[in-house]
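Below are the chains, spelled out letter by letter.
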Amino acid sequence: MPAPERRTLLILGGTAEAAQLARAAVAEFGPNLTVITSLAGRTSSPAPVAGAKRRGGFGGAEGLAAYLREAAIDLVIDATHPFAAQISRHARLAAAAANAPRLALLRPPWRQEAGDRWIEAPDLEEAARALPALGRRVLLTIGARGLDAFAGCEDIAFVVRLIEAPRAALPLRHAELVIGRPPFTLDEERQLLHGRAIACLVAKASGGARPAKLAAARELGLPVVMVACPPPEPGESVASVAAAMAWIAARLGTAVVVER
Ligand code: NAP
């Protein structure tokens, strides 16, 4: 019997789910599938990923379409963060242009639970407008991009948590930096919120595994300004790594054992 044709999967990554998927795909389909994970290159020391890796932008949707053709990509899985809307739009356009099947790996949204005090904001600007009524010491866990939206909150003392030190000065009048790589334990989150006398937390409604910061805020009775997620791109999608593995298997014409 002839050996099955070797295929190439591009995972658009930068998330824990993308890293899990790369690990599972290399382990399961390694002999028949080259797995390439693409990272934007925002952090200088990203967590390791299984398989091949590339870093940096493609140059818009056209650049990504050219890359898909040049690298002979057979399958594309967009496992980027739900707030990374631009690359997801480019992935949809480029995959269509290069005629490559594309799947989006989406995260199930978080639901408010009893005791949560969430204030929903449609965007970062609205989140900033909500803050003066909620407290004078605010923890921002929204990443480095988007901090400009809070520049006008001159009476608020911010604690800004980032994965690594920013390259430029923070655009905030009063800000203290906390550097740390998620996930954090409930105890670490309690200590951060309590120890820095935080009155309010700003988070992006990123979905997926519920981070401990939400439980810690609930325990302390703190309001959380929850910034709404942009809508996902239209197209085929799944909500788990296991389902993405089944999609790859179907495209490769092989069976996969899906753990439940
Ligand atoms: P974005 O606004 O959607 O994308 C901006 C540009 O960055 C894209 O047009 C593309 O440049 C490049 N890019 C983004 N993701 C890429 C990838 N995986 N591989 C190669 N190029 C990529 O994205 P973002 O919000 O800045 O996020 C950047 C990365 O960080 C994403 O991969 C995402 O998964 C990860 N991340 C984002 C967040 C968040 O809150 N936004 C949180 C955690 C992780 P070109 O146009 O030049 O191709």
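Residues numbered from 1 in each chain as written. Predicted model: local features only at pLDDT ≥ 70, side-chain atom pairs only at ≥ 80, totals over all residues. Heavy atoms only, no water.

## Re the sheet that holds strand β11 (residues 223-227)
If you walk across this open sheet you meet the 6 strands as β6-β11-β10-β7-β8-β9, and the pairing is parallel. One side of each edge strand has no neighbouring strand; the edge strands of this open sheet are β6 (117-121) and β9 (174-179). Between one strand axis and the next, the sheet turns by 25° as a mean value, whatever way the strands run. Pairing geometry for β6 and β11, over 5 bridges, is parallel. Within β11, the position partnered with W118 by the bridge is V224. (Pairing = 2+ DSSP bridges. Helix = DSSP H or I, 4+ residues; strand = E, 2+ residues; numbered from the N terminus. Axes fitted to C-alpha atoms, helices over the stretch in contact; angles between N-to-C directions.)

## Some points on the environment of L186
Relative to the assigned elements, L186 resides in helix α5 (residues 186-195). On the basis of relative accessible area, L186 is assigned to the partly exposed category, the value being 28%. Between the C-alpha atom of L186 and that of E5, which follows or precedes it by 181 residues, the distance is 47 Å. Apart from the residues within four sequence positions on either side, L186 is in contact with A212, A215, A216 and E219. (Buried < 20%, exposed > 50% of the residue type's maximum accessible area, 1.4 Å probe, protein only. Contact = heavy atoms within 4.5 Å.)

## Describing the site of the ligand
By nearness alone, 23 residues border the ligand, and S38, R42, F58, R145 and K204 come closest of all. Here F58 contributes a backbone N or O atom positioned 2.6 Å from an oxygen atom of the ligand. Within the backbone of I87, one N or O atom sits 2.9 Å away from an oxygen atom of the ligand. Bound to the protein, the ligand loses 81% of the 800 Å² it would expose on its own. Listed by contribution, the elements that provide at least two residues to the shell around the ligand are β2 (33-39) and α3 (85-98). The biggest single contributor to the shell around the ligand is α3, with 4 residues. (Near = heavy atom within 4 Å. Polar contact = N/O pair within 3.5 Å; in protein donor to acceptor, adjacent residues only side chain to side chain. Areas by Shrake-Rupley, 256 points an atom, 1.4 Å probe, with all protein chains shown as cover.)

## Observations concerning the packing of helix α1 (residues 16-29) against helix α7 (residues 241-252)
Put simply, α1 and α7 touch, their axes get as near as 10 Å, and they point 40° apart. Of the possible angle classes, the one that applies to α1 and α7 is oblique. The way α1 lies across α7 gives a crossing that is right-handed. Contacts between α1 and α7 involve E17, Q20, L21, A24, A25, E28 and F29 from the former and V241, A244, M245, I248, A249 and L252 from the latter. In terms of residue class, the contact of α1 with α7 is built from 10 nonpolar, 1 polar and 2 charged. (Parallel < 35°, antiparallel > 145°, perpendicular 65-115°, else oblique. Left-handed = near helix turned anticlockwise from the far one by under 90°. Nonpolar A, V, L, I, M, F, W, Y, C, P; charged D, E, K, R; others polar.)

So, to be careful, I would describe these as geometric facts and stop short of saying anything about function.
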